[in-house]
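Below are the chains, spelled out letter by letter.
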Amino acid sequence: RLLKSAGDEPAGFSEFKMEFDAYMNELKRKAESTDVLPNANRERIVGDNVDDINDTQYGNNDVMGTFGFHGTHVSGIIGAIRNNGVGMDGVADNVRIMMVKAVPDGDERDKDVALAIRYAVDNGAQIINMSFGKPFSPHKDWVDAAVKYAEEKGVLLVHAAGNDGNNNDSIPNFPNPDFLDGARATTFITVGASSTGKGNDKVAGFSNYGKKGVDLFAPGVQIYSTIPGGNKYGSASGTSMASPVVAGVAALVLSYYPELSARQLKYVLEKSATPLPDSVSEVNKPGTSDEKVNFADLSVTGGLVNSYEAIKLAATLKGENVKSKSKKPHKAKVKAIKKN
């Protein structure tokens, strides 16, 4: 699956080795974690009670630590300086990144996710990128409450669909917009990863999908972006890379049309998503080797994010956010909650 995810454009050995090592380390971590109690050493190291959502005074302000690759790569996709002749261009050129380290290493805790969302909202984030996910959520009620809080405050949440080749309609991936009370978040977008391949390889073989559980797709294979170390760049693949592409497009739209509400941003991104041409609409189904499906059946919109069409559509809407009316581009504040 790792080899197939690179599409038909061969990566250099160093880029392949970087992805392969990350992939193997993740497998090793997951295998080792099965023998460790979930809460072992949490209170001693982090300084809180993981089962008390009201115990919030813990952690530190070190957003890099020893696991900065993932978060740095994600942030660069959104907002790396454009047109400076160095490295690569971020999707949006008028954006500020708020870095919140909610996942030091391994799977994220529901408590950390919920409090990170609330922190971002309270500190002015307009778009929250969530490049992480997991198959279980023991305190989903806490996360649901935080998502509802973001929704009430007019904040758009963009989440990676997951890298297991699963159907999110039948195998849940958390966090998600489906609340325990049966309601559904209206400012939450879930993003699958498209590929660079020709023919049937338009979707990353690792990407999760779902006609109800995934909203749209965005590039997520061999994405070149910033990495730690000072003026360094590298490639990585995953829905973690696809999600910030969509968050970046949302920031781009919002910078020109700041009067748009989070619900309108979601509408613009999904309504402007572009289907594949009929000649290549049949793709390899993620998680399989040779099963073919219609690309339109893999997500709600059946399309790929399209910044050009999104800007065109946004220009036709009357904004609901009257407090932000302005004719000048402004800096959209994007919160990048990510796995470092």
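None of these values were measured; they are calculated from a predicted model. (Residues numbered from 1 in each chain as written. Predicted model: local features only at pLDDT ≥ 70, side-chain atom pairs only at ≥ 80, totals over all residues. Heavy atoms only, no water.)

Draft legend 1. Geometry of the overall build of the chain. A tally of helices and strands in the chain yields eight helices and ten strands. Taken across its 340 residues, the chain has 49% of its residues classed as buried. Taking as baseline every contact in the chain between residues at least 6 positions apart, the subset at least 24 positions apart corresponds to 77%. (Helix = DSSP H or I, 4+ residues; strand = E, 2+ residues; numbered from the N terminus. Buried < 20%, exposed > 50% of the residue type's maximum accessible area, 1.4 Å probe, protein only. Contact = heavy atoms within 4.5 Å.)

Draft legend 2. Highlighting the packing of aromatic side chains. Taken as a whole and assessed by the stated rule, the structure comprises two aromatic pairs. Over the aromatic face of F136 sits the side chain of K134, whose NZ or CZ is 5.3 Å from the ring centroid. (Phe/Tyr/Trp six-rings, centres within 6.5 Å; stacked < 30°, edge-to-face > 60°. Lys NZ or Arg CZ within 6 Å of the ring centre and 35° of its normal.)

Draft legend 3. Region of interest: the pattern of salt bridges. Scanning the entire structure with this criterion turns up nine salt bridges. The closest approach of N and O atoms between D48 and K111, which form a salt bridge, is 2.6 Å. Here D48 is found in the loop between α2 (42-46) and α3 (69-79), whereas its partner K111 is found in helix α4 (residues 110-122), with 63 residues between them in sequence. K111 shares its class with D48; the two are buried. When the shortest N-O distance is used, the salt bridge between D181 and K148 registers 2.8 Å. Placement of D181 in the loop between β3 (156-160) and β4 (188-194) and of K148 in helix α5 (residues 140-152) is noted, with a sequence separation of 33 residues between them. On the basis of relative accessible area, D181 is assigned to the exposed category, the value being 53%. Exposure remark for K148: the relative accessible area of 27% places this residue in the partly exposed category. Connected via shared salt-bridge partners are D215, K266 and E270. (Salt bridge = Lys/Arg side-chain N within 4 Å of Asp/Glu carboxyl O.)

Draft legend 4. Representation of the pairing of β3. Counting buried positions along β3 yields five of five residues, so the element is predominantly enclosed. What you see with β3 is no split at all: L156, V158 and A160 on one side and L157 and H159 on the other are buried throughout. Sheet analysis places strand β2 (residues 127-131) next to β3, joined by four bridges and oriented parallel. Across the sheet, the residue bridging to N129 is V158, located in β3. Between the parallel elements β2 and β3, the chain passes through α5 in a crossover that is right-handed. Inspection of the sheet shows β3 paired to β4 by four bridges, in the parallel sense. (Pairing = 2+ DSSP bridges. Right-handed = clockwise from strand over helix to strand, strands pointing away.)

Draft legend 5. Seen up close, the nonpolar core. Of all hydrophobic cores here, the largest spans 39 residues; its most connected members are I127, L156, V191, V246, V253, L269 and V305. Sorting the residues of this core by element identifies α3, β3, β4, β5 (216-219), α6 (239-256), α7 (262-271) and α8 (307-314) as the ones contributing at least two each. For this core, the element with the most residues is α6, which contributes eleven residues. With residues near it in sequence (within four places) discarded, L269 still touches L156, I189, L216, V246, V249, A250 and V305. A102, I117, A120 and A146 belong to the second-largest nonpolar core, a separate cluster that totals 25 residues. (Core = buried A, V, L, I, M, F, W, Y, C linked by side-chain atoms within 4.5 Å.)

Draft legend 6. Quick look at α5. Taking 1.5 Å per residue, 13 residues should reach 18 Å; α5 reaches 18 Å between its end C-alpha atoms and fits that length. Contact partners of the buried residues in α5: α4, β3, β4 and α7. Remark: G154 follows α5 within two positions and exhibits a positive phi of approximately 75°. (Expected span 1.5 Å × (residues − 1).)

Draft legend 7. Spatial organisation of α4. Taking 1.5 Å of rise per residue, 13 residues should cover 18 Å, and α4 covers 18 Å from first to last C-alpha, within 8% of that figure. Buried within α4 we find D110, K111, D112, V113, A114, L115, A116, I117, A120 and V121. Backbone geometry just after α4 places G124 at a positive phi near 100°.

Draft legend 8. Layout of the side chain of S299. With respect to the element layout, S299 can be found in the loop between β9 (292-294) and α8. Exposure remark for S299: the relative accessible area of 0% places this residue in the buried category. Side-chain polar atoms of S299 contact the backbone nitrogen of G302, separated by 2.9 Å. With sequence-adjacent residues up to four places away left out, S299 is seen in contact with G210, K211, V214, D215, L216 and F217. (Polar contact = N/O pair within 3.5 Å; in protein donor to acceptor, adjacent residues only side chain to side chain.)

Draft legend 9. Fine view of the packing of α6 against α8. Look at α6 against α8: their axes get within 10 Å of each other, and the N-to-C directions meet at 35°. As for the relative orientation of α6 and α8, their crossing is right-handed in sense. Residues V249, L252 and V253 of α6 touch α8, and the partners they reach there are S307, A310, I311 and A314. In the contact of α6 with α8, the residues fall into six nonpolar, one polar and no charged. (Axes fitted to C-alpha atoms, helices over the stretch in contact; angles between N-to-C directions. Left-handed = near helix turned anticlockwise from the far one by under 90°. Nonpolar A, V, L, I, M, F, W, Y, C, P; charged D, E, K, R; others polar.)

Draft legend 10. Representation of the environment of A183. Residue position: A183 is located in the loop between β3 and β4. With a relative accessible area of 35%, A183 lands in the partly exposed category. When sequence neighbours within four positions are dropped, the list of residues in contact with A183 reads P177 and D178.

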